[in-house]
Amino acid sequence: MINLKVQSAINEQIKKEEYSSRLYLAMAIWCETSGYPGAAKFLYEHADEERMHMMKLVHYVNDRGGNAQLMDIEQPTSKFESLLDVFEKVMEHEKYITESINNLYEVALTEKDYTTSNFLQWYITEQLEEENLFNTILDKIKLVGTDKAGMFHIDKELDGMAVAPAPAV
Ligand code: FEO
């Protein structure tokens, strides 16, 4: 049976991953309707990836004899200034998620729930990879500035970077 404090902290994280999925969906919609089909494809798939992050937590709680719970989530913003603005907001959000995962890890350690802390290692590695990925994308966008041809190429590149997420386990 999962420790109740740990369960409650994981349920909070489930909410955050679900919000991440909706936030990236809102960003993908903006990109698709603003002339960035490659960025849209990338973000649609990233929204799916966040749902996978959520589902992995849901299954974990239930498999440990607990109860995964869904919560109300706020509506994400749908207004963005530019592609740079979109990816700056992605980066800001991922940093917040990394902090949240670290806090969750701390709760598991404090509660001596080593099974959960071991399970959370996957998320810690994933956050590192995501922050690196978004940093690379942000650097490229900043490099081209407002150059239209440059933006076109970045959009093409994002199209190629879109990868279907692995199924939730
Ligand atoms: Fe679920 Fe992008 O972290």
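Located above this text is the structure these notes cover.
Here is a short report on the structure shown in this document. (Residues numbered from 1 in each chain as written. Predicted model: local features only at pLDDT ≥ 70, side-chain atom pairs only at ≥ 80, totals over all residues. Heavy atoms only, no water.)

Turning our attention to helix 1 (residues 4-32). The terminal C-alpha atoms of helix 1, which comprises 29 residues, lie 42 Å apart, in line with the 42 Å expected from a rise of 1.5 Å per residue. With a side-chain oxygen positioned 2.8 Å from the backbone nitrogen of Lys5, the residue opening helix 1 is Asn3. (Helix = DSSP H or I, 4+ residues; strand = E, 2+ residues; numbered from the N terminus. Expected span 1.5 Å × (residues − 1). Polar contact = N/O pair within 3.5 Å; in protein donor to acceptor, adjacent residues only side chain to side chain.)

With that out of the way, let us pick up the nonpolar core. In terms of nonpolar packing, the biggest core is built from 27 residues, with Leu43, Leu83 and Phe87 touching the most fellow members. For this core, the elements supplying multiple residues, two or more each, are helix 1, helix 2 (37-63), helix 3 (83-110), helix 4 (114-144) and helix 5 (148-161). Considering every element that reaches this core, the biggest residue donor is helix 1, with 7 residues. When sequence neighbours within four positions are dropped, the list of residues in contact with Leu83 reads Trp30, Cys31, Tyr36, Ala39, Ile141, Met151 and Ile154. If you look at the next biggest cluster of nonpolar residues, it comprises 18 residues, including Ile2, Val6, Met55 and Leu104. (Core = buried A, V, L, I, M, F, W, Y, C linked by side-chain atoms within 4.5 Å. Buried < 20%, exposed > 50% of the residue type's maximum accessible area, 1.4 Å probe, protein only. Contact = heavy atoms within 4.5 Å.)

So, about the packing of aromatic side chains. A ring pair, where both rings are aromatic, is described by two values, the distance of the centres and the angle of the planes. Within the structure shown, the criterion is met by 8 aromatic pairs. Centre to centre, the rings of Phe87 and Phe134 are 6.4 Å apart; their planes meet at 40 degrees, and the pair counts as tilted. Remark: Phe134 occurs in helix 4 and Phe87 occurs in helix 3; sequence separation between them is 47 residues. Members of the aromatic cluster, joined through ring pairs, are Tyr60, Phe119, Trp122 and Tyr123. Here Lys56 stacks its cationic end above the ring of Trp122, 4.4 Å away from the centre of that ring. (Phe/Tyr/Trp six-rings, centres within 6.5 Å; stacked < 30°, edge-to-face > 60°. Lys NZ or Arg CZ within 6 Å of the ring centre and 35° of its normal.)

The next thing to look at is the environment of Val6. Along the polypeptide, Val6 turns up in helix 1. The sequence separation of Val6 and Asn103 amounts to 97 residues, and the corresponding C-alpha distance is 11 Å. When sequence neighbours within four positions are dropped, the list of residues in contact with Val6 reads Val107, Ala108, Glu111, Asp113 and Thr116.

Time to look at the packing of helix 4 against helix 5. Two numbers describe how helix 4 lies on helix 5: the axes approach to 9 Å, and their chain directions differ by 160 degrees. With respect to helix 5, the element helix 4 is oriented roughly antiparallel. Viewed along their axes, helix 4 and helix 5 form a crossing whose handedness is right-handed. Two secondary-structure elements touch here, helix 4 through Leu133, Ile137, Lys140, Ile141 and Val144 and helix 5 through Gly150, Met151, Ile154, Glu157, Leu158 and Met161. Among the residues forming the contact of helix 4 with helix 5, the class breakdown is 8 nonpolar, 1 polar and 2 charged. (Axes fitted to C-alpha atoms, helices over the stretch in contact; angles between N-to-C directions. Parallel < 35°, antiparallel > 145°, perpendicular 65-115°, else oblique. Left-handed = near helix turned anticlockwise from the far one by under 90°. Nonpolar A, V, L, I, M, F, W, Y, C, P; charged D, E, K, R; others polar.)

So, on to the pattern of salt bridges. Scanning all chains against the criterion turns up 5 salt bridges. The partner of Glu157 in a salt bridge is Lys140, with the nearest N and O atoms 2.6 Å apart. In this pair, Glu157 sits in helix 5 while Lys140 sits in helix 4, placing the two residues 17 residues apart along the sequence. Its relative accessible area of 31% is what places Lys140 among the partly exposed residues. (Salt bridge = Lys/Arg side-chain N within 4 Å of Asp/Glu carboxyl O.)

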